[in-house]
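Breakdown of the fold
Listed below are the residues making up each chain.
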Amino acid sequence: MHISEPRINDRIRVPEVRLVGPNGEQVGIVAIRKALDLAREADLDLVEVAPKAKPPVVKLMDYGKFKYETAQKAREARKNQANTALKEIRFRLKIDDHDYETKKGHVVRFLNGGDKVKVMIMFRGREQSRPELGMRLLEKLAEEVVEYGTVESSPRLDGRNMVMVLAPTRSKSDARAESRRETAGAKGTYTEVKSRRDRAAQAKAEQRKQN
């Protein structure tokens, strides 16, 4: 479904508006002319954020920056939705400390990367009569990785296995964003990107003049 863009600046044709400042402060009901004057003085846009209110609510903001950041968030959200995976780690009930720490490290790595983790304990023979031991092991794991993930699906028996699902505390998009920042591969902030585009456009204009 197509969502139309909000009316901005001179396209807002009502006699008065309820004005909100750039930091969310309530200015109050003012004439549209005054609101437009305030926007020009602040070098900002007047954006209609609640057109059905009486009077409509408008906000002072940098609309170009707002659109840029909104598009970035939407793109990251789509990537996160498409790429979040459910990883699986299997434990034995009688696991030694070294193997436990190794597998816990894998769980932390998956969660830190923005993926969910399905933790499974496989019962052998008579171990099936001691499900409370599996519950205890999974609860211990959940407590030790709480910084990276939370329990989405509590431990439950599934045939001969006991299963628990952990969800990451941060999204896939956040994990990727941090990775890009750490590798210094980010394209830059809105201001930096806009500055580069402006310089490129100016260079092209000067080149056309010379030709």
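Read on for an overview of the structure. (Residues numbered from 1 in each chain as written. Predicted model: local features only at pLDDT ≥ 70, side-chain atom pairs only at ≥ 80, totals over all residues. Heavy atoms only, no water.)

**Brief notes about the pairing of strand β1 (residues 16-20)**
The cut-off we apply is this: Between any two strands, pairing holds if DSSP finds at least two bridges. Elements are defined by DSSP. Helices are runs of H or I of four residues or more, strands are runs of E of two residues or more, and each kind is numbered from the N terminus.
Looking at chain direction, β1 and strand β2 (residues 26-31) are connected through five bridges and run antiparallel. Bridge pairing links Val 20 to Gln 26 in β2. Linkage of β1 to β2, two consecutive antiparallel strands, is achieved through a turn of five residues, within which Gly 24 is found at a positive phi near 90°. Alignment of β1 against strand β4 (residues 57-61), held across three bridges, turns out to be parallel. Each residue of the ladder has a partner; that of Arg 18, found in β4, is Val 57.

**Some points on the sheet that holds strand β7 (residues 149-158)**
To keep it simple, the criterion reads: A fitted line through C-alpha atoms serves as each axis, taken over the contacting stretch for helices, and the angle formed by two N-to-C directions is quoted from 0 to 180°. We call two residues in contact when some of their heavy atoms are within 4.5 Å.
The sheet built from four strands is open, its strands ordered β5-β6-β8-β7 with mixed pairing. Edge positions in the sheet fall to β5 (86-92) and β7, since each of these pairs with one other strand and no more. Along the sheet, successive strands turn relative to each other by an average axial angle of 20°, direction set aside. Against the sheet, helix α3 (residues 97-112) makes contact with β5, β6 (116-122), β7 and β8 (161-168), and its axis sits at roughly 165° relative to β5, the strand it touches most. Packing against the sheet, helix α4 (residues 131-144) makes contact with β5, β6, β7 and β8, and its axis sits at approximately 15° to β8.

**Focus on the packing of aromatic side chains**
Basically, it comes down to this: Only centres within 6.5 Å qualify two rings of Phe, Tyr or Trp (six-membered ring in Trp) as a pair; their planes then separate them into stacked at under 30 degrees, edge-to-face at over 60, and tilted for everything else. Three labels apply to residues, based on accessible area from a 1.4 Å probe with only protein chains included: buried if under 20% of the type maximum, exposed if over 50%, partly exposed otherwise in between. Placement of a charge over a ring requires the Lys NZ or Arg CZ to be within 6 Å of the ring centre, with the centre-to-atom vector within 35 degrees of the ring normal.
For the structure shown, the criterion picks out two aromatic pairs. Both rings, one in Tyr 63 and one in Phe 66, keep their centres 6.1 Å apart while their planes meet at 25°; by these two values the pair is stacked. With Tyr 63 and Phe 66 both in helix α2 (residues 63-83) and three residues apart, the pair spans about one turn of that helix. For Tyr 63, a relative accessible area of 9% translates into the label buried. Directly above the ring of Tyr 100 sits Lys 140, whose terminal nitrogen or CZ lies 4.4 Å from the centroid.

**Notes on unusual backbone geometry**
With an omega dihedral of -5°, the bond running from Lys 54 to Pro 55 counts as a cis peptide bond. As for its position among the elements, Pro 55 is in the loop between β3 (45-50) and β4. Even without glycine at this site, Asn 9 takes up a positive phi of about 50°. Along the chain, the position of Asn 9 falls in the segment before β1. Phi angles above zero are rare outside glycine, and Asp 43 is one such case at about 55°. As for its placement among the helices and strands, Asp 43 is situated in the loop between α1 (32-41) and β3. Judged by relative accessible area, Asp 43 falls into the exposed class, the value being 70%.

**Digging into the nonpolar core**
We apply this condition: The criterion is simple. A nonpolar core is a set of buried Ala, Val, Leu, Ile, Met, Phe, Trp, Tyr and Cys residues joined through side-chain atoms within 4.5 Å.
The biggest cluster of nonpolar side chains holds 20 residues, and the ones touching the most others in it are Phe 91, Val 119, Ile 121 and Leu 166. Elements that contribute at least two residues to this core include exactly β5, α3, β6, α4 and β8. Here Leu 166 is in contact with Val 107, Leu 111, Lys 116, Val 117, Val 119, Ala 142, Val 145, Thr 150, Val 151 and Glu 152, once residues within four sequence places are set aside. If you look at the next biggest cluster of nonpolar residues, it comprises twelve residues, including Ile 12, Val 30, Leu 36 and Leu 60.

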